[in-house]
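Chains, contacts and geometry: an overview
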Amino acid sequence: MSTALPGSFASLGLSEFLLSSLNELGYAQPTPIQTQAIPAVLNGGDVVAAAQTGSGKTGAFSLPILQAISTKQASSKRAVRALVLVPTRELAMQVGDAIRAYAQHLPEAVKVVTVFGGVSINPQMLALRGSTDILVATPGRLLDLADKNAVTLKSVDTLVLDEADRMLDLGFADELDAVLNLLPKKRQNLLFSATFPEGVKELTQSLLQNPTEIEVKVESSIPEQVQQRAIEVDRDKRTSLLKHLIKEEGWSRVIVFVASKRGVNNVTMKLSRAGIKA
Ligand code: AMP
């Protein structure tokens, strides 16, 4: 019997094979975006998520994709089943590595190929020979490969647009359109973006059908019990104000940041003279 703890990866419906990879990677619990996105992606619907780098978004889309690939038969042996479009070479490599790490314990090997521009195309053409399950690509290089018939995208089940805002910022709108034209009409679409300027909103509307919308609140790095306050004051009155505040408010433990070494000595001396131990 399964004993998945609420809020655990197991409770999200991931297979034991993926769970053992996550265990090995030391992931104790899903991040908020993973908790929301994994079941939605497993359900097969479209998803739009507001997600920053570092939120765990790569796992949020790739874990359910791996699960689907490992449990469903491919319609065609040579077909790319999931396409992950990313704006940069760095992100392509990072996402490819993450997916390979998540896939390491699956009973049948999942082939993940990473392609991006600025390097020779030939090794990428070779890598695409035979079957490719998941292709991680920057749009320009993907189009070059498609032009050379090195890849066919007719059987893509799932499309991921990762960092869609950066993709548009980097001027990939036309390439993106051209790639979309190579994909089958019926597919699952997942869009991840840190911000939603007009261009990304339009893309979301034109691309996604009835998507699950996920917005993960970015936790402020400032704890709630810390109150922030700025006081505008003339330069020569700063230390007097500080002395006044410390005494009036009865502050007993205070950290004062000062711009220079001389400033530190100066403030310390003035506070000491006022009977404040500094
Ligand atoms: P990402 O936002 O997908 O780039 O992930 C940011 C970092 O968090 C990567 O180094 C991941 O390996 C790590 N990570 C992702 N999900 C989890 C998790 N559930 N627990 C711990 N670390 C994670």
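Cut-off values and rules
- Residues numbered from 1 in each chain as written.
- Predicted model: local features only at pLDDT ≥ 70, side-chain atom pairs only at ≥ 80, totals over all residues.
- Heavy atoms only, no water.
- Core = buried A, V, L, I, M, F, W, Y, C linked by side-chain atoms within 4.5 Å.
- Buried < 20%, exposed > 50% of the residue type's maximum accessible area, 1.4 Å probe, protein only.
- Helix = DSSP H or I, 4+ residues; strand = E, 2+ residues; numbered from the N terminus.
- Domains from an automatic or database assignment.
- Patch = residues over 30% accessible without salt bridge, like charges linked within 9 Å, V, L, I, M, F, W, Y side chains within 5 Å.
- Areas by Shrake-Rupley, 256 points an atom, 1.4 Å probe, with all protein chains shown as cover.
- Salt bridge = Lys/Arg side-chain N within 4 Å of Asp/Glu carboxyl O.
- Lys, Arg positive; Asp, Glu negative; His and termini not counted.
- Charge placed at Lys NZ, Arg CZ, Asp CG, Glu CD.
- Pairing = 2+ DSSP bridges.
- Right-handed = clockwise from strand over helix to strand, strands pointing away.
- Expected span 1.5 Å × (residues − 1).
- Arc of directions from axis to C-beta.
- Contact = heavy atoms within 4.5 Å.

1. Points about the nonpolar core
- Counting residues in hydrophobic clusters, the biggest one holds 40 residues, and the most contacted among them are Leu66, Ile134, Val136 and Phe192.
- If you list the elements that add at least two residues to this core, you get α1 (16-25), α2 (32-42), β1 (47-50), α3 (57-71), β2 (82-85), α4 (89-103), β4 (134-137) and β6 (188-193).
- The element contributing the most residues to this core is α4, with 7 residues.
- With 32 residues, the next largest nonpolar core counts Val113, Ala150, Ala164 and Met167 among its residues.

2. Considerations on the domain arrangement of the protein
- Looking at the protein, the domain boundaries give domain 1 (10-215) and domain 2 (235-273).
- On a C-alpha basis, the centres of domain 1 and domain 2 stand 54 Å from each other.

3. Some remarks on a positive patch on the surface
- Together, Arg235, Arg238, Lys270 and Arg273 make up a region of like positive charge exposed at the surface.
- Relative to the helices and strands, Arg273 resides in helix α11 (residues 261-273).
- Among the residues examined, Arg273 registers a relative accessible area of 65% and is labelled exposed.

4. What about the pairing of β4?
- Burial along β4 is two-sided: the residues Ile134 and Val136 and Leu135 and Ala137 are all buried.
- When β2 meets β4, the two strands line up parallel, connected through 4 bridges. For Val84, the partnering residue across the bridge sits in β4 and is Val136.
- Judged from the 4 bridges that link them, strand β3 (residues 112-115) and β4 form a sheet pairing that is parallel. Opposite Val115, over in β4, you have Ala137 as the bridge partner.
- Remark: the β3/helix α5 (residues 122-127)/β4 crossover connection has right-handed handedness.

5. Looking at α4
- The first and last C-alpha atoms of α4 sit 21 Å apart over 15 residues, in line with the 21 Å expected at 1.5 Å per residue.
- Within the sequence span of α4, burial applies to Leu91, Ala92, Val95, Gly96, Ala98, Ile99, Tyr102 and Ala103. Along the axis of α4, the buried positions cluster into a sector of 165°, meaning they face one direction only.
- Buried residues in α4 make contact with α1, α3, β2, β3 and β4.

6. Description of the environment of Thr158
- Tracing the backbone shows Thr158 in strand β5 (residues 158-161).
- Once residues lying within four places of it in the same chain are set aside, the contact partners of Thr158 are Ile65, Arg81, Ala82, Leu83, Gln188 and Leu190.

7. Quick notes on the pattern of salt bridges
- Following the criterion strictly, the structure yields 6 salt bridges and no others.
- In this structure, Lys57 engages Glu163 in a salt bridge whose closest nitrogen and oxygen atoms are separated by 3.2 Å. Separated by 106 residues along the polypeptide, Lys57 in helix α3 and Glu163 in the loop between β5 and α7 (164-169) bring together distant segments of the chain.
- Taking the relative accessible area as the measure of exposure, Lys57 reaches 5% and is therefore buried.
- The class of Glu163 is buried, set by a relative accessible area of 6%.
- Residue Glu163 pairs with Arg166 through a salt bridge whose shortest N-O separation is 2.5 Å.
- A relative accessible area of 36% places Arg166 in the partly exposed class.

8. Remarks on unusual backbone geometry
- Unusually for a residue other than glycine, Asn149 sits at a positive phi of about 55°.
- Relative to the helices and strands, Asn149 is located in the loop between α6 (139-147) and β5.
- Owing to a relative accessible area of 68%, Asn149 belongs among the exposed residues under this scheme.
- Residues other than glycine seldom take positive phi values, yet Asn210 does so here, at roughly 45°.
- For Asn210, a relative accessible area of 75% gives the class exposed.

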